[in-house]
Amino acid sequence: QVQLVESGGGLVQAGGSLRLSCAASGRTFSSYAMGWFRQAPGNEREFVAAITWSGGSTYYADSVKGRFTISRDNAKNTVYLQMNSLKPEDTAVYYCAARFGRSTVVVTIEREYTYWGQGTQVTVSS
């Protein structure tokens, strides 16, 4: 069982930056692949970024590639999403998710993730 708590959301102007954090409970965080997803009002939840258990591989949605960076610190049981050059279309509730497994393949499919946080709101003003 893993519990996830996101933080770091807020209101920022277009072009600004935010860093989201997702703290995980439990002693086996390093056995989980992690992902970030987001859901804007009226839209389905969509994939943003994912990272393997070791941090050795990452993958990004085309819409955020080059602007967002996912990373993890297994000693701190935390995964991060650094978001730069933010745009109004990045406005959404951002969720982190965990998937058990030490595969080297990055998983981008929402239904493959078992545990989810409560989400943190990111609002980008124009």
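The shown structure was predicted, so the numbers you read here are calculated from the model rather than taken from an experiment.

Thresholds, definitions, all that
- Residues numbered from 1 in each chain as written.
- Predicted model: local features only at pLDDT ≥ 70, side-chain atom pairs only at ≥ 80, totals over all residues.
- Heavy atoms only, no water.
- Helix = DSSP H or I, 4+ residues; strand = E, 2+ residues; numbered from the N terminus.
- Buried < 20%, exposed > 50% of the residue type's maximum accessible area, 1.4 Å probe, protein only.
- Contact = heavy atoms within 4.5 Å.
- Disulfide = S-S within 2.5 Å.
- Salt bridge = Lys/Arg side-chain N within 4 Å of Asp/Glu carboxyl O.

So, about the overall build of the protein. Counting its regular elements, the protein contains zero helices and 11 strands. Ordered by position in the sequence, the α and β elements of the protein form the string β-β-β-β-β-β-β-β-β-β-β. Dimensions of the protein, computed from the C-alpha atoms along their principal axes, are close to 40 × 25 × 25 Å. Residues classed as buried in the protein amount to 44% of the 126 residues present. Expressed as a percentage of contacts within the protein between residues at least 6 apart in sequence, the contacts between residues at least 24 apart total 61%.

Turning to the state of the cysteines, a few remarks are in order. Each disulfide is one covalent bond, formed between the sulfur atoms of two cysteines. On inspection of all chains with the given rule, the structure shows one disulfide. Paired through a disulfide, Cys22 and Cys96 show a sulfur-sulfur distance of 1.9 Å. Negative torsions about the S-S bond denote left-handed disulfides, and the value of about 45 degrees found for Cys22 with Cys96 makes this one right-handed. Of this pair, Cys22 sits in strand 3 (residues 18-24) while Cys96 sits in strand 9 (residues 92-100); the two residues are 74 residues apart in sequence, bridging distant segments of the chain. Residue classification places Cys22 among the buried positions, given a relative accessible area of 0%. Of the residues examined, Cys96 reaches a relative accessible area of 0% and is grouped as buried.

By the definition in use, this model includes six salt bridges. Arg38 is the salt-bridge partner of Glu46, the closest N and O atoms lying 2.6 Å from each other. When its relative accessible area of 36% is taken as the criterion, Glu46 is described as partly exposed. For Arg38, a relative accessible area of 5% corresponds to the buried category. Across the pair Glu112 and Arg99 runs a salt bridge whose closest N-O atoms are separated by 3.5 Å. Of the two residues, Glu112 is situated in the loop between strand 9 and strand 10 (115-116) and Arg99 in strand 9; the sequence distance between them amounts to 13 residues.

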